[in-house]
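# Chain and residue survey
The lines below spell out each chain.
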Amino acid sequence: MLKTRIIPCLDVKDGRVVKGVQFLELRDAGDPVEAAKAYDAAGADELCFLDITASHEDRGTLLDVVSRTAEACFMPLTVGGGVRTVEDIRTLLLAGADKVSINTAAVKDPDFVAQAARKFGSQCIVVAIDAKRTSAPGEPAAWQIFTHGGRSPTGIDAIDFARTVTARGAGELLVTSMDRDGMRSGYDLALTRAIADAVSVPVIASGGVGGLDDFVAGVRDGGASAVLAASIFHFGQHTVAEAKAHMAAAGLAMRLDA
Amino acid sequence: MTGETVAIIDYGSGNLHSAAKAFERAAREAGLASRIAVTSDPDRVASADRVVLPGVGAYADCRRGLDAVPGMVEAMTHAAKERVRPFLGICVGMQLLATRGLEHTPTPGLGWIPGDVAPIAPSDPELKVPHMGWNTLRRDRDQALLEGIPTGETGLHAYFVHSYALIPEDSSDVVAHSEYGGPVTALVARDNIAGTQFHPEKSQRLGLALIANFLRWRP
């Protein structure tokens, strides 16, 4: 049967991992390729690179990282950050990305998702949805899409947007709660569940993992097909294997043969 | 079997460099001196000892890409049908072995494994499409490509990412399937021609073992 995926996410800036990675035996904690190899060996089900490079000129560095990672790790790799054109997607796929995550460009123009899916197939088009809760306590829950790293509100309802981009051909949604990101208080399960129930494609829960039970809740209560996390793995709090064992013990179907 | 040439067909369908690396590693670990080449040259495909047809994207788009390389379909056909060389299709490359694909508009395939490529329709509405992630294989019959690979619920996992699947007319072409709200064809083989719906080049242990089996295969 299909297993729940665990996806470590690496923030990459100018070709280096920017959040510290302190686990296993990395020769160079800042080298994303070394980090990718370590996660590959640790049994991660996929890997995500989020490019937070400030300038467009440094894109070449990211492409080099992607291609060196793809050569070293025989596991699926999703790359996101700054993807604006069909040409950006093609360049990342040719460098070795298996999936490309689109964020701001999809909000600006949902038809971009349709173009991308037509050209490359839905299976490699992930839409990243960054959402903040906008309803007051006691009101029916509502979330709004934010772009530019959470700085720009759009007025777009997150659930409507999830339906829109899925209808345009997104093959997967990466749902990040801006309220929970970095808070270590767990995923926004109501958000994850609302989107997972609204669409027929897989949803990746992201933002806020503080402990292993959060992964279990993301799947069981949030309805996610995959769980993404950064700090909990990078800082050595838990290994991927521990996370998998914990989720399996909670009754979730996990891949334990890696 | 030293120094066999393995042609991975490049027809503009995604990154083949990492696929080539996976084949190189599998060959190295299996002690084979296979020479792996990513190529868009029909002559090299026609004369290769083994041929791999990858494929990522939409069916019609991939078919167009293949047809856009002059002489490639003829070269593949020569290698697979006249020289009877081992041939492996991967993902959409496997789907192209079918008679036709039904993604968007019906598109003719190669017709080497008779059947249609139709949308996955899991019986459980809770199951998401695309079928994306790691699934186990259920063996329908023994075949060289699965030799030594643990299958079944406690077996190794393969990485899938697809919304359409091959439904062969002759069920004996199916070597293995996965369960996803019903059977999903995972590995097909007929004579010297085989195909995987999953991505062996992304499937870690199972993938490297299957690739090594392909490199040793004597159909």
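Residues numbered from 1 in each chain as written. Chains lettered and ligands numbered in written order. Predicted model: local features only at pLDDT ≥ 70, side-chain atom pairs only at ≥ 80, totals over all residues. Heavy atoms only, no water.

- The name given to chain B in an unreviewed UniProt entry is Imidazole glycerol phosphate synthase subunit HisH, with Methylobacterium iners as the source organism.

- Chain A has the name Imidazole glycerol phosphate synthase subunit HisF in an unreviewed UniProt entry, where Methylobacterium iners is given as its organism.
- Under Pathway (unreviewed entry), UniProt gives the following word-for-word description of chain A: "Amino-acid biosynthesis; L-histidine biosynthesis; L-histidine from 5-phospho-alpha-D-ribose 1-diphosphate: step 5/9." (UniProt positions renumbered as here; feature names shortened; annotations may be inferred.)

## Concerning the overall build of chain A
- Summing up its helical and strand segments, chain A has 10 helices and 11 strands in all.
- Over its C-alpha atoms, taken along the principal directions, chain A stretches across nearly 50 × 45 × 35 Å.
- Across the 258 residues in chain A, those meeting the buried criterion constitute 59%.
- A separation of at least 24 residues holds for 64% of the contacts in chain A among residues at least 6 apart in sequence. (Helix = DSSP H or I, 4+ residues; strand = E, 2+ residues; numbered from the N terminus. Buried < 20%, exposed > 50% of the residue type's maximum accessible area, 1.4 Å probe, protein only. Contact = heavy atoms within 4.5 Å.)

## With respect to the sheet that holds strand 9 (residues 138–139) of chain B
Residues and elements named next belong to chain B.
- In spatial order, the strands read 2-1-3-4-14-13-12-9; together these eight strands make up an open sheet with mixed pairing. Each having just a single partner strand, strand 2 (35–39) and strand 9 make up the two edges of the open sheet.
- In the sheet, strand 3 (residues 50–53) pairs with strand 4 (residues 87–90) via three bridges, with the strands oriented parallel. Looking across to strand 4, one finds that V51 is bridged to F87. (Pairing = 2+ DSSP bridges.)

## Considerations on the nonpolar core
- In terms of nonpolar packing, the biggest core is built from 72 residues, with F49(A), I89(A), L173(A) and F215(A) touching the most fellow members.
- Residue contacts for F215(A): discarding those within four places in its chain leaves Y187(A), V209(A), V227(A), A229(A), I232(A), F233(A), A243(A) and M247(A). (Core = buried A, V, L, I, M, F, W, Y, C linked by side-chain atoms within 4.5 Å.)

## Some words on the interface of chain B and chain A
- With 34 residues of chain B at the contact, the number on the chain A side is 35 residues.
- Together chain B and chain A conceal approximately 2900 Å² of surface at their shared face, both sides included; 52% is due to carbon and sulfur atoms.
- Its largest share of buried area at the contact with chain A, chain B owes to K128(B), M132(B) and W134(B), together 25% of the area lost on that side.
- The interface formed by chain B and chain A contains one salt bridge.
- The salt bridge partner of K202(B) is D98(A), with a shortest N-O separation of 3.1 Å.
- Applying the counting rule to chain B against chain A returns 18 residue pairs in polar contact (both at pLDDT 80 or more).
- Put simply, the parts of the chain that give the side of chain B that touches chain A at least two residues each are helix 1 (17–29), strand 8 (131–136), strand 10 (157–162) and helix 6 (204–216) of chain B.
- With six residues, strand 8 of chain B is the largest single contributor of residues to the side of chain B that touches chain A.
- Along the lines of polarity and charge, the residues of the side of chain B that touches chain A split into 12 nonpolar, 13 polar and nine charged. (Buried area = accessible area lost by both parts, 1.4 Å probe. Salt bridge = Lys/Arg side-chain N within 4 Å of Asp/Glu carboxyl O. Polar contact = N/O pair within 3.5 Å; in protein donor to acceptor, adjacent residues only side chain to side chain. Nonpolar A, V, L, I, M, F, W, Y, C, P; charged D, E, K, R; others polar.)

## Quick word on the sheet that holds strand 7 (residues 115–119) of chain B
- Across the sheet, four strands lie side by side as 6-5-7-11 (chain B); this open sheet has mixed pairing. Strand pairing shows two members of the sheet lacking a second neighbour, strand 6 (107–108) and strand 11 (164–168) of chain B, which therefore form its edges.

## Re the pattern of salt bridges
Residue and element names in this part refer to chain A.
- In total, this model carries 25 salt bridges over all chains according to the counting rule given.
- Here R255 makes a salt bridge to D45, at a shortest N to O gap of 2.8 Å. Of this pair, R255 sits in the segment after helix 10 (240–249) while D45 sits in the loop between helix 1 (32–42) and strand 3 (47–51), placing them 210 residues apart in sequence.
- Overall, D45 belongs to the buried group, its relative accessible area being 0%.
- Among the ionic pairs, E172 bridges to K99, the shortest N-O distance being 2.8 Å. One end of the pair, E172, is in strand 9 (residues 172–177); the other, K99, is in strand 5 (residues 99–102), with 73 residues separating them in the sequence.

## Some details on the UniProt feature "domain: Glutamine amidotransferase" (unreviewed entry) in chain B
- On the UniProt side, "domain: Glutamine amidotransferase" (unreviewed entry) is annotated at positions that read residues 18–215 of chain B here.
- From the first C-alpha to the last, residues 18–215 of chain B spans 17 Å; its make-up is 27% helix and 30% strand.

## Notes on helix 4 (residues 72–82) of chain B
Residues and elements named next belong to chain B.
- Along helix 4, the positions that sit buried rather than exposed are M72, V73, A75, M76, A79 and A80. Buried residues of helix 4 fall within an arc of 165° about the axis and therefore sit on the same side. Residues E74 and E82 are exposed on helix 4 and point more than 90 degrees away from its buried face.
- After helix 4 finishes, the residue V84 shows a positive phi value of roughly 50°. (Arc of directions from axis to C-beta.)

## A short note on the packing of helix 3 (residues 86–95) of chain A against helix 5 (residues 110–120) of chain A
Residues and elements named next belong to chain A.
- Their axes nearest at 10 Å, the elements helix 3 and helix 5 cross at an angle of 40°. With respect to helix 5, the axis of helix 3 lies oblique. The two elements helix 3 and helix 5 cross, and the hand of that crossing is right-handed. Seen from helix 3, the contacting residues are V86, I89, R90 and L93; seen from helix 5, they are F112, Q115, A116, K119 and F120.
- For the contact of helix 3 with helix 5, the residue count by class is six nonpolar, one polar and two charged. (Axes fitted to C-alpha atoms, helices over the stretch in contact; angles between N-to-C directions. Parallel < 35°, antiparallel > 145°, perpendicular 65-115°, else oblique. Left-handed = near helix turned anticlockwise from the far one by under 90°.)

## Re the pairing of strand 3 of chain A
Residues and elements named next belong to chain A.
- Counting buried positions over the five residues of strand 3 gives four, a clear majority of the element.
- Strand direction decides the pairing type here: strand 1 (residues 5–13) and strand 3, joined by four bridges, are parallel. If you follow C9 over to strand 3, its bridge partner there is C48.
- By the bridge criterion, four bridges tie strand 3 to strand 4 (residues 77–80) in an arrangement that is parallel.

## Observations regarding the environment of D111(A)
All names here are of chain A.
- Looking at the element boundaries, D111 is found in helix 5.
- Judged by its relative accessible area of 40%, D111 falls in the partly exposed class.
- A C-alpha to C-alpha distance of 9.4 Å links D111 and G169, two positions 58 residues apart in sequence.

## Some points on the UniProt feature "active site" (unreviewed entry) in chain A
Residue and element names in this part refer to chain A.
- According to UniProt, the "active site" (unreviewed entry) feature falls on D11 and D130.
- Tracing the backbone through its elements, the reader meets D11 in strand 1.
- Ignoring any residue separated from it by four or fewer positions in sequence, one finds D130 in contact with N103, Q144, I145, F146, T176 and M178.
- Side chain to side chain, D130 and N103 meet in a polar contact 3.0 Å long.

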